[in-house]
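Each chain, letter by letter, is given below.
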Amino acid sequence: MALILEKGYDAVTVTDIIDRADVGRSTFYAHFTDKQDVLFSNFEELDFLRPEPADRPGRLFEFSLPMFEHALEHRRLLRALLGRRGGGPMVARAEHVLASVVKDELVAAGRAPSATLDMLAICVVGAFMALLRAWIDGDITATPADLDAAFHAAITLDDPVPPAR
């Protein structure tokens, strides 16, 4: 991660990783296939992506607030990986993992697996990722709680801001 912050993901090489980790090339390749494999190695193990029963029964996508809080703690790194100058493999991987989480939640809530469910998951993930990326790029200013409220309002079509008087 330090190398990504120093050089940017695209500029980091396997040789850079090997040198920084002080391991041999054969040791590296015994555990990883390439630098992308290193990056993704722990991504799906993020506990907050698949929370225990929801704090609020009936509320879907409880991963959003912990994800926004995690992003706040690691904003600089996420900007390098997901922001305007990042993207590519990490964005695709994040979208894939989140789509799986969303589909699992929808099925657990009683939706039948279907092509429509797959499209709904893509829409939910698209909304989440667009908001996250705008925030880490500095296009919007908000707290993780504000982002969470806006995300849930968007996917449920509820207005998080009371109408002006």
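Right above here is the structure, for reference.
Quick notes on the rules
- Residues numbered from 1 in each chain as written.
- Predicted model: local features only at pLDDT ≥ 70, side-chain atom pairs only at ≥ 80, totals over all residues.
- Heavy atoms only, no water.
- Helix = DSSP H or I, 4+ residues; strand = E, 2+ residues; numbered from the N terminus.
- Contact = heavy atoms within 4.5 Å.
- Axes fitted to C-alpha atoms, helices over the stretch in contact; angles between N-to-C directions.
- Parallel < 35°, antiparallel > 145°, perpendicular 65-115°, else oblique.
- Left-handed = near helix turned anticlockwise from the far one by under 90°.
- Nonpolar A, V, L, I, M, F, W, Y, C, P; charged D, E, K, R; others polar.
- Buried < 20%, exposed > 50% of the residue type's maximum accessible area, 1.4 Å probe, protein only.
- Expected span 1.5 Å × (residues − 1).

K.L.:
Sorry, what's going on with the overall build of the protein chain here?
P.N.:
For the protein chain, the count of helices and strands is nine helices and zero strands. If you list the helices and strands of the protein chain from N to C, you get α-α-α-α-α-α-α-α-α. When contacts within the protein chain are restricted to residue pairs at least 6 apart in sequence, those whose partners lie at least 24 apart make up 59%.

K.L.:
How should I be thinking about the packing of helix α5 (residues 64-73) against helix α9 (residues 144-156) in this particular structure?
P.N.:
A pair of packed helices is characterised by two quantities: the angle between their axes and the separation of those axes. Where α5 meets α9, the closest approach of the two axes is 9 Å, and the angle between their N-to-C directions is 140°. Between α5 and α9, the interaxial angle falls into the category oblique. α9 is crossed by α5, and the crossing has right-handed handedness. Seen from α5, the contacting residues are Ser-64, Leu-65, Phe-68, Glu-69 and Leu-72; seen from α9, they are Pro-144, Ala-145, Leu-147, Asp-148, Phe-151 and His-152. Residue composition of the contact of α5 with α9, by class: seven nonpolar, two polar and two charged.

K.L.:
Just checking my understanding: could you explain unusual backbone geometry for this structure?
P.N.:
Apart from glycine, the bulk of residues carry a negative phi angle, and the bulk of peptide bonds sit in the trans form. In this structure, Asp-22 takes a positive phi of about 55° despite not being glycine. Tracing the sequence through the fold places Asp-22 in the loop between α2 (14-21) and α3 (25-31). The class for Asp-22 is exposed, based on a relative accessible area of 70%. A positive phi is found at Phe-61, a non-glycine position, where the angle reads about 60°. Under the relative-accessibility criterion, Phe-61 is labelled buried at 5%.

K.L.:
Please explain helix α7 (residues 89-108) as it appears in this structure.
P.N.:
Each α-helix turn comprises 3.6 residues. Residues three or four places apart therefore point the same way. Given a rise of 1.5 Å per residue, 20 residues ought to cover 28 Å, and the 29 Å separating the end C-alpha atoms of α7 matches this to within 8%. Every buried residue belonging to α7 is among Met-90, Val-91, Ala-94, Val-97, Leu-98, Ala-99, Val-101, Val-102, Glu-105 and Leu-106, and all of these are buried. Check the buried side of α7 and you find it contacts α4 (35-40), α6 (75-82) and α8 (115-136). Where α7 terminates, the next one or two residues include Gly-110, which has phi positive at roughly 110°.

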